[in-house]
Structure formats: structure tokens, C-alpha cells
Amino acid sequence: MTKVDFMFAIGYQGVSAIVDKNSRKQYGKLSATQLAEKGLFKSAFCEALFEDDIAKQEELIGIYNKMSGELVPAVDSMKRLLGVFEVPLNISRVTYV
């Protein structure tokens, strides 16, 4: 699974990732910060998670806290909020919808 596919995955079925084709096409070239500024926090956080960039994850939490008025205290809390915990390793196919 590529980074962009992971960023725009909307679900998984067995060894297949289900990816939002339109969002991938429209927003796939934006950076994590640009995605977060547009309110696409899940995609932004997935990029930082794919790259295993803790500093970027924390930066995105700061952007989220500022824009939402909420207080997400840590990376693990953001993972729970967005429902994204790790890059799945068993994905061998991608389906675009």
C-alpha cells in the first residue's frame, strides 16, 4: 500500500484497502500541514503515521486543537479519535471507489 492510498483509505476488507478515488486525486499532492489546514485531519495524520514522524504527528495535534477548540493531549488520543492506529501490513490490493 502506498502512502497516498493509506492517507485516503476509507476501510479495509480482508487484504484489500478501499480508497476514496476522488479525494486521492483532489488532495493527494498536498502536505500533511496543508491537509490539516483544510480540515482533512485523518488524511494528514495518516501521512505522518505512515512516515513514522512523531514531530509531525504532534504538530498536527496542535493544528487540530487550535482549529477545533478541543484538547487532544497526546498522539495516542489522536489515534483513538481518528480510528487510525498503524499502517496495515497485510494489504496486497487496493480498490478505488
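Source: prediction; values computed, not measured. Along each chain, numbering runs from 1 in the same order as the chain's sequence is written. The model is predicted, so local features are restricted to residues of pLDDT at least 70 and side-chain atom pairs to those at 80 or more, both for listing and for counting; the totals for chains, interfaces and linings are taken over all residues. Side-chain measures here rest on the full set of heavy atoms in the structure, leaving out hydrogens and waters.

A. Region of interest: the overall build of the chain. Within the chain, the secondary structure is distributed over six helices and three strands. A run of H or I in DSSP becomes a helix once it reaches four residues, and a run of E becomes a strand once it reaches two; helices and strands are each numbered from the N terminus. Reading the chain from its N terminus to its C terminus gives the helix and strand order α-β-β-α-α-α-α-α-β. In this treatment the radius of gyration is a C-alpha quantity, and the globule benchmark scales as 2.2 Å times the residue count to the 0.38 power. Its C-alpha radius of gyration of 13 Å places the chain within 12% of the 13 Å reference for a compact globule of 97 residues. In terms of its C-alpha atoms, the chain occupies a principal-axis envelope of roughly 35 × 25 × 20 Å. Taking all 97 residues of the chain together, the buried fraction comes to 40%. The contact criterion used is simple: two residues touch if any of their non-hydrogen atoms lie within 4.5 Å. Put simply, of all contacts in the chain between residues at least 6 apart along the chain, 56% involve residues at least 24 apart. Any residue under 20% of the maximum accessible area for its type is buried, any over 50% is exposed, and the rest in between are partly exposed; the area is computed with a 1.4 Å probe on protein chains only.

B. The side chain of Q57, seen in detail. In this structure, Q57 sits in helix α5 (residues 54–68). A polar side-chain atom of Q57 sits 3.4 Å from the main-chain carbonyl oxygen of A48. Apart from residues no more than four positions distant in its own chain, Q57 is found in contact with F45, A48, L49, D52 and V75. We define a polar contact as two N or O atoms separated by no more than 3.5 Å, with the added condition that, inside protein, one atom must be a possible hydrogen donor and the other a possible acceptor, whereas residues neighbouring each other in sequence contribute only through side-chain atom pairs.

C. The arrangement of helix α6 (residues 75–82) in detail. All buried positions along α6 are accounted for by V75, S77, M78, K79 and L82. Buried residues belonging to α6 abut α4 (41–50) and α5. Looking at the residues trailing α6, positive phi occurs at G83, about 75 degrees.

D. The arrangement of the pairing of strand β1 (residues 9–13) in detail. Of the pairings in the sheet, the one linking β1 to strand β2 (residues 16–19) comprises four bridges and is antiparallel in character. Looking at β2, one finds that A9 is bridged to V19. Hairpin connection between β1 and β2: a loop of two residues separates the two successive antiparallel strands, and G14 in this loop has a positive phi of roughly 60 degrees. A strand pair is defined by DSSP finding two or more bridges across the two strands.

E. Summary view of the packing of aromatic side chains. Ring pairs are drawn from Phe, Tyr and Trp, using the six-membered ring of Trp, whenever the two centres fall within 6.5 Å, and their geometry is named by plane angle: stacked under 30 degrees, edge-to-face over 60, tilted for the rest. Considering all chains together, one arrives at two aromatic pairs under this definition. Judged by centre distance (5.0 Å) and plane angle (85 degrees), the rings of F41 and Y64 are edge-to-face. Of this pair, F41 sits in helix α4 while Y64 sits in helix α5, and the two are 23 residues apart along the sequence.

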